[in-house]
Amino acid sequence: MKPMGALPREFAQQNGSLKISGRTADDWVAQAGDTPLFVYDMEIVAARIARFRAAMPAIDLHYAIKANPHAELLTAIARLVDGLDVASSGELAKAMIVKPAASISFAGPGKRDDELVAAITAGATLNVESEGEAARAFLIGDRLGHTPRMAVRVNPDIELRGSGMRMGGRASPFGVDAVRAAALVKVIVAAGADWRGFHIYAGSQALDAGAIVETQAATIALAGRLADEAGVAPPLVNLGGGFGVPYFAGDVALDVERVGEALADALASRPAVLGEARFAIELGRWLVAEAGVYLTRVVDVKQSQGETFVVVDGGLNHQLAASGNFGTVVRRNYPIAVAARMGQAPTETVSVVGPLCTPLDRLGDKIALPPVQVGELVAIFMAGAYGASASPSAFLGHPPAIEIVTAG
Ligand SMILES: *Cc1c(COP(=O)(O)O)cnc(C)c1O
C-alpha cells in the first residue's frame, strides 16, 4: 500500500455520501447528465479569498487564470478579486469579459505581435519580459496611437525556497534579469509609455510560510533597489505568489496568517521609494485547487497477478496532474475516495486507473479504499487547478469532461 494525500478540510469529516456544496455527488452527476465531471465549489473558493483578505494587509489580490479558466468560475472569481493575470490573448479575451482591462495584466515570454496589439488596444498592462518585447510594444503603440501600459517583469536573483517550480535565481526565459531591469524601466519611461511598476515572480507551490516570508521581504527590497536605480517610483509592485496547496501525504497546509503578519511588517518598513506603491499578490492554485472534485465512474474491477485494478471512465486526459505527469518528479497519490462511502474504513488495496491505453493513466497507485464496485463513483480531490485545461483532452479521443460550478 502507498499513502495518499489528505482530503481537503471541507470533505475530510464527511460520512456516507460525498456532498459538494450540500448536494451529493450522485446529484451533481444527474444534473450534468454523465461522467466524468468536474464540480467546482464556489463556496470553497470564496472562503479562500475571504481568508486571504483577513490574513493580509491592504494589498490587491489577483487571480492567475491559467490555474482554471472555466468561464463561469472566472465570472464568479472576478467579482471577488482585484485583478486577473493572463498569459495569452485567449486568456485576455476571457478575462476582458469579466473585468475591465485596467485590472488585467498580461505575462508570458512569447507574446506575438497580434497579442501585443490586443493588449495595447484594450489597455491591459503588459508584464514586459524582455527588451525586445518592449521595443515591439513601442512600435505597435505608435502605430495604433495608444500608449502601452507596461510593467517590467524581473527575473529576480531570489529563489522561492521549497517551491515546487523554481522560477527565479537562475537563467530564465521569464522576465529581465534584475541587473538589467532598471535600464529597461528608464527606456520605457523615456519612450513615453505608461510605466506600471514591477512584476516579480519567484516560484510556485510553496507550503513553507517561512520561505514565502523570506521571498516577499527580498522581493520588496529588490523592487526598492531597482526603483532607486531607475530613479522613478513604481505605481504597483506585484510580489508574485507561490502559495502552495497540500496534494500529498505529509504535506502541511500553508500558514497564510503567518505570511500576512510578516508582510504587514515588511510593508510597514518598506523602502521610501515604494512609499506610494500599491502591492499585489497573484494566486492560482491556492484559490481554486481544493474547490474542485473530479467524479468518475467505475467501469470495471479486475484482478491481475494478485493486484486489484479499479478502472474508471476518466483519466489523465482530464486530470493529468493526478496521474503524476504534470510538474512532479516522483509520482505520488492525490486524495481519492469512493463517493458513496465517505468515512468508511478501507478494506482493500487497489490501483485506480483510467481508460486510456497507456500505463501512465494511473490516478491512484496501490491505495487503500473501502469496497468499490462497477457503477460506483470515485472522487479525485484537489482537482480545481490545472485539471481540465491542463490535460491532453484530445489524447485517445474520449469526450471532454463536463464542468459545473456550484452557486457561491
Ligand atoms: C502560473 C503562474 C501563477 C499561478 O501559479 P500557482 O502556483 O497556480 O499559484 C502566477 N503567476 C505567474 C506569473 C504564473 O506563471
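What you see is a predicted model, and the numbers here were worked out from it, not measured in a lab. (Residues numbered from 1 in each chain as written. Predicted model: local features only at pLDDT ≥ 70, side-chain atom pairs only at ≥ 80, totals over all residues. Heavy atoms only, no water.)

Engineer: So, the packing of aromatic side chains: which residues are in play, and what are the values?
Structural biologist: Here the distance between the centres and the angle between the planes together describe a pair of aromatic rings. Under the definition given, this model contains 10 aromatic pairs. Here the aromatic rings of Trp195 and Phe198 are separated by 5.3 Å at their centres, their planes lie at 80°, and the arrangement is edge-to-face. By relative accessible area, which is 8% here, Trp195 ends up buried. On the basis of relative accessibility, which here comes to 1%, the residue Phe198 falls in the buried class. Judged by centre distance (6.0 Å) and plane angle (85°), the ring pair of Phe243 and Trp286 falls under edge-to-face. Here Phe243, found in the loop between β13 (236-238) and α10 (256-268), pairs with Trp286, found in helix α11 (residues 285-288); they are 43 residues apart in sequence, far enough to count as distant. You'll find Phe243 and Trp286 in the same group, each marked buried. Here a set of aromatic residues connected by ring pairs shows up, and it is made of Phe38, Tyr40 and Tyr294. (Phe/Tyr/Trp six-rings, centres within 6.5 Å; stacked < 30°, edge-to-face > 60°. Buried < 20%, exposed > 50% of the residue type's maximum accessible area, 1.4 Å probe, protein only. Helix = DSSP H or I, 4+ residues; strand = E, 2+ residues; numbered from the N terminus.)

Engineer: Describe the domain arrangement of the protein, with residues and values.
Structural biologist: For the protein, the assigned domains read domain 1 (9-40 + 289-405) and domain 2 (69-283). Between domain 1 and domain 2, the contact holds 12 residues from the first and eight residues from the second. Note on domain 1 versus domain 2: buried area summed over both sides is about 1100 Å², and carbon and sulfur give 69% of it. By the criterion of area lost to domain 2, the three top residues of domain 1 are Arg332, Met382 and Val405, representing 39% of everything that side buries. Viewed at the interface, domain 2 and domain 1 are joined by zero salt bridges. Between domain 1 and domain 2 we count zero residue pairs in polar contact (both at pLDDT 80 or more) in total. (Domains from an automatic or database assignment. Contact = heavy atoms within 4.5 Å. Buried area = accessible area lost by both parts, 1.4 Å probe. Salt bridge = Lys/Arg side-chain N within 4 Å of Asp/Glu carboxyl O. Polar contact = N/O pair within 3.5 Å; in protein donor to acceptor, adjacent residues only side chain to side chain.)

Engineer: Give a description of the pairing of strand β14 (residues 278-283) that names residues and reports values.
Structural biologist: The element β14 is extensively covered by neighbouring structure, given that five of its six residues are classed as buried. Across four bridges, strand β4 (residues 60-64) lies against β14 in parallel orientation. Looking at β14, one finds that Leu61 is bridged to Ile281. Sheet analysis places β13 next to β14, joined by three bridges and oriented parallel. The partner of Val237 across the bridge, within β14, is Phe279. The parallel pair β13 and β14, bridged by α10, forms a crossover whose chirality is right-handed. (Pairing = 2+ DSSP bridges. Right-handed = clockwise from strand over helix to strand, strands pointing away.)

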